[in-house]
Every structure is written in structure tokens, then in C-alpha cells.
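Examining the three-dimensional arrangement
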Amino acid sequence: MEDKEEFDEAEIEYTSYAGEHHLPLIMSLVDQELSEPYSIFTYRYFVYLWPQLCFLAFHKGRCVGTVVCKMGEHRQTYRGYIAMLVVIKPFRGRGLATELVTRSIKVMMESGCEEVTLEAEVSNKGALALYGRLGFIRAKRLYHYYLNGMDAFRLKLLFPKPRVPQIASQDQTQQAQEQENFTG
């Protein structure tokens, strides 16, 4: 097991995807840490269409974490989707993944998403714990979801519907005043 990297949290810089120079950094992290292989076209699909939903974490100029997401219509719901999340082992357990995911969720909420979904391997205890702390629920088990034969949980975070204040009609206001006068 790799040792934890000693660092001050102020040394971590977070940045949005800023162009083609970030793509090899994202690809390298995902390829070394996640079980699914992705083509260059998959990465470009996400980072070109939703660059505002892709964030990177740097420590002293070295990319140590990333999140890659998208959003769009899905079955009459405007939904965010977390496609990839990686923090390299020596930097795990220090809040980097939480910060990366939180930044993307904030953009999704501000963009009008009603929910966020993702898949995580059933054996990935760290990811399941992280998303559980952030309020995600296990919506479904997907059998043999990954190419390695592992099952996944579909995780879902539902955003509360904004409350629209109701304006009482004149009749409702008059009835409330009459009721108050009667009981008062």
C-alpha cells in the first residue's frame, strides 16, 4: 500500500478544464486508476461538450485528481452524470474527491439539473462511502455492468424542488380573515 502524501490542503489547486493540454493529464489518471478502458473519443465527448463540469486537482504542478461529468435531458428529467472520478492513492482520504464532486454538483444545480447519477463498482467501498456522505442513494444494482464482470450500483442524488410561494386568492384571504375573526 502506498503511503499517504504529506501536504498542506492549501497546496491543492483546483481548476476547470482549460483545453487540450489538460486532456493527457485526465487520461493518464483515469487509465491508471479506473477499471474501464476509455478511448480518446470518450474523453473528448465529455470535455468538449461539458468543460464546465470537468475539474482537476493539482499539487505543486502535478495533477492528482479529476472529475469528468455531463448533463442533459434523460427521460423528461434534466440530469447530471458523473462519468469519472479519480484521486491518486497517496492523496485519498483528504477531501480532494469531495471537493471535485461538490464543484461539479454545484454547476449542475446552477444549470437546472434535477438529479445527478453515476455508477460505482459494488466493491469500491471508498467511492460508495464518499457518495453516501454526499447524499447519494443506491437506486439500482446493475449485474455484470463492467467489462471485468463486476456489478455496479447506480447511485442517484435528487435535488429538492424549489418551493414556489403561492399567492392566496382574494377569496382565500377573506376566508382566512373571517376564520380569524370568528375564533379570535
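The name given to the protein in an unreviewed UniProt entry is N-acetyltransferase domain-containing protein, with Arabis nemorensis as the source organism. Looking at the protein in UniProt, the text filed under Sequence similarities (unreviewed entry) is "Belongs to the acetyltransferase family. MAK3 subfamily."

**A word on the overall build of the protein**
Looking only at helices and strands, the protein features five helices and seven strands. In the protein, 64% of the contacts between residues at least 6 apart in sequence involve partners at least 24 apart. For the protein, the exposed surface amounts to about 11,500 Å²; the carbon and sulfur share of it is 52%.

**Let's talk about the environment of Val-67**
Here Val-67 shows up in strand β3 (residues 62-74). Spatially, the C-alpha atom of Val-67 lies 6.7 Å from that of Leu-56, the residues being 11 residues apart in sequence.

**Comments concerning the environment of Thr-102**
Within the fold, Thr-102 resides in helix α3 (residues 96-110). Residue classification places Thr-102 among the partly exposed residues on the basis of a relative accessible area of 37%. In this structure the side chain of Thr-102 is engaged in a polar contact, spanning 2.6 Å, whose partner is the backbone oxygen of Thr-98.

**Remarks on the packing of aromatic side chains**
Evaluated as defined, the whole model comprises six aromatic pairs. Judged by centre distance (5.1 Å) and plane angle (75 degrees), the rings of Tyr-45 and Phe-46 are edge-to-face. Residue Phe-46 is classed as buried on the basis of its relative accessible area, which comes to 8%. Plain terms: the ring middles of Phe-46 and Trp-50 are 6.3 Å apart, the flat faces sit at 45 degrees to each other, and that makes the pair tilted. Each member of the pair, Phe-46 together with Trp-50, is buried. In this structure an aromatic cluster arises from ring pairing among Tyr-45, Phe-46 and Trp-50. The side chain of Arg-138 reaches across the aromatic face of Phe-153, ending 4.5 Å from its centre.

Cut-offs applied
Residues numbered from 1 in each chain as written. Predicted model: local features only at pLDDT ≥ 70, side-chain atom pairs only at ≥ 80, totals over all residues. Heavy atoms only, no water. UniProt positions renumbered as here; feature names shortened; annotations may be inferred. Helix = DSSP H or I, 4+ residues; strand = E, 2+ residues; numbered from the N terminus. Contact = heavy atoms within 4.5 Å. Areas by Shrake-Rupley, 256 points an atom, 1.4 Å probe, with all protein chains shown as cover. Buried < 20%, exposed > 50% of the residue type's maximum accessible area, 1.4 Å probe, protein only. Polar contact = N/O pair within 3.5 Å; in protein donor to acceptor, adjacent residues only side chain to side chain. Phe/Tyr/Trp six-rings, centres within 6.5 Å; stacked < 30°, edge-to-face > 60°. Lys NZ or Arg CZ within 6 Å of the ring centre and 35° of its normal.

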